[in-house]
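Secondary and tertiary structure notes
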Amino acid sequence: GAASAPVPRRVPSETSPRSPAGMLPVVTGLLLAVAAGARGSESGTQESPPGSRFVCTSLPLEATSAGCPLPPVPMQGAALPPEEELKATVLQLRETVLQQKETIGSQREAIRELTGKLSRCESADGKSATGTWRNELGKGKDTMGDLPRDPAQVIDQLSRTMQTLKDRLESLEHQLRANVSYAALPNDLREMLQRRLGDLERQLLSKVAELEDEKSLLHNETSAHRQKTETALNALLERVSELEKGNSAFKSPDEFKVSLPLRTNYLYGKIKKTLPELYAFTVCLWLRSSASPGIGTPFSYAVPGQANEIVLIEWGNNPIELLINDKVAQLPLFISDGKWHHVCITWTTRDGMWEAFQDGEKLGTGENLAPWHPIKPGGVLILGQEQDTVGGRFDATQAFVGEMSQFNIWDRVLKAEDIMNIANCSTNMPGNIIPWVDNNVDVFGGATKWPVETCEERLLDL
């Protein structure tokens, strides 16, 4: 009975409480406690006083079999023996487990059927969403084997799965209704048509771009050709107009000379035409002077901002000099003997190369004279004076004293052979930029124009 229960004592056990063998004494102790409670109830003893208690003692298995037989343990207030009660409980639990297994099996079958339908629907649309759904639901594995053991959780998870399948089916049906005409085409055919349309569009755009480029190129070529033709025609018209005026006092418009007999700051000649932008030039002229010291300035070309753009000068006791953009090169020419001499000067902006010819013979050459500097256009070209400002401020000490003729300018470097032919009177080659024509030269301050000796007479004077 409860009152006569032995004093609690601890029997040592060689088995660890955590091991399966050590759990058997604990279960044995529990059964002893249940049996003792049942006997006290059947013997009609009074309930245990408040101060009394049951103590379960853990005993080894061999102790129970040696001298401590286990009495029957009836359940309190139960009509069946305890063994029968335990058997009934076990059977009931087994029945519950079987029912859960059947439920899970039926749910698996339903899910498998719905999954098959979903796969067929999605394959008809050309998409394979079943694998995606499986990945989202189970990350690539069958989650039905990992369902929670709690039936409530199983039902909740299955409900969510069913709702997901239902939503997916509704979405597929809506998409099929919205795209019924387009979805009727096979997926491969749609992709082929899209690729073909893309290729055709790219080919069309490429062809349009090629046509635009050809149109632009043709327009540029036409404009350049038209401009070149107009320039040539204008030059010819000017030349014809100059020749047709016929108001020259000389037998031919180019058979005259300009005479500057005094060293003053007011005798000079002026070329009516100006220069274009030049990257090279050749200047040739016949001159005769015996002035001392130095013949002065046969010609000068000034532009705004640079009075010494092109100057040929022999001043004082200095040698004759060529100035380009106020840069100086000394020329090995000797022309102050009072005889006619043919002088040619060539220059190119490429490395500033220059050449000096006297009477058809090249006497000197050099480089680095204002290299890469183009001659500026729109300036004033003066014969016989050096300009300190554009068209004015002449210095009498730099004035040319003598006669000059056949002053021509080309926009290129003439060949040495051409220069020799001009100097020996075998070729008459007017300058294509500035030709020596009567009505293109004005004289001022007492300078005069006179008929010039023939080329052969000048040649004999050398």
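Here the structure is a predicted model, which means the values were calculated and not measured.

**Some points on the environment of glutamate 321**
Topologically, glutamate 321 is positioned in strand S6 (residues 321-324). Taking relative accessible area as the criterion, glutamate 321 reaches 18% and is therefore assigned buried. The spatial distance from the C-alpha of glutamate 321 to the C-alpha of threonine 297 is 9.7 Å, given a sequence separation of 24 residues. Excluding its chain neighbours within four sequence positions, the residues that come into contact with glutamate 321 are Val311, Leu312, Ile313, Val328, Ala329 and Gln330.

**So, the confidence of the model for the protein chain**
Considering every residue of the protein chain, the mean pLDDT works out to 76; 70% of them sit at 70 or more. Throughout residues 73-78 the model reports pLDDT below 50, and contacts reaching past four residues in sequence, or to other chains, amount to 12 contacts.

**Describing the side chain of asparagine 325**
Structurally, the position occupied by asparagine 325 is in the loop between S6 and strand S7 (327-330). A polar contact is formed between the side chain of asparagine 325 and the side chain of glutamine 306, at a distance of 3.1 Å. Setting aside its immediate chain neighbours within four residues, asparagine 325 contacts Gln306, Asn308, Glu309, Ala370 and His373.

**Some details on the state of the cysteines**
Using the criterion set out here, one finds 2 disulfides in the structure. Here cysteine 284 engages in a disulfide with cysteine 344; their sulfurs sit 1.9 Å apart. Around the S-S axis, the bridge from cysteine 284 to cysteine 344 shows a dihedral of about 115° and counts as right-handed. Of this pair, cysteine 284 sits in strand S3 (residues 280-288) while cysteine 344 sits in strand S8 (residues 341-348), and the two are 60 residues apart along the sequence. Classification of cysteine 284 by relative accessible area gives buried; the value is 1%. The disulfide partner of cysteine 425 is cysteine 455, and the gap between their sulfur atoms is 1.7 Å.

**Here we look at a nonpolar patch on the surface**
A grouping of Leu189, Met192 and Leu193 is seen on the molecular surface, where their side chains present a nonpolar patch of about 250 Å² in accessible area. The residue leucine 189 is located in helix H7 (residues 187-245) in this model.

**What about helix H8 (residues 416-423)?**
Ile419, Ile422 and Ala423 are the residues of H8 that are buried. Burial along H8 is one-sided: seen end-on, the buried residues are contained in an arc of 95°. Next to the buried residues of H8 lie S3, S8, strand S9 (353-358), strand S12 (402-410) and helix H9 (455-460).

Criteria and thresholds
- Residues numbered from 1 in each chain as written.
- Predicted model: local features only at pLDDT ≥ 70, side-chain atom pairs only at ≥ 80, totals over all residues.
- Heavy atoms only, no water.
- Helix = DSSP H or I, 4+ residues; strand = E, 2+ residues; numbered from the N terminus.
- Buried < 20%, exposed > 50% of the residue type's maximum accessible area, 1.4 Å probe, protein only.
- Contact = heavy atoms within 4.5 Å.
- pLDDT = per-residue confidence, 0-100.
- Polar contact = N/O pair within 3.5 Å; in protein donor to acceptor, adjacent residues only side chain to side chain.
- Disulfide = S-S within 2.5 Å.
- Patch = residues over 30% accessible without salt bridge, like charges linked within 9 Å, V, L, I, M, F, W, Y side chains within 5 Å.
- Areas by Shrake-Rupley, 256 points an atom, 1.4 Å probe, with all protein chains shown as cover.
- Salt bridge = Lys/Arg side-chain N within 4 Å of Asp/Glu carboxyl O.
- Arc of directions from axis to C-beta.

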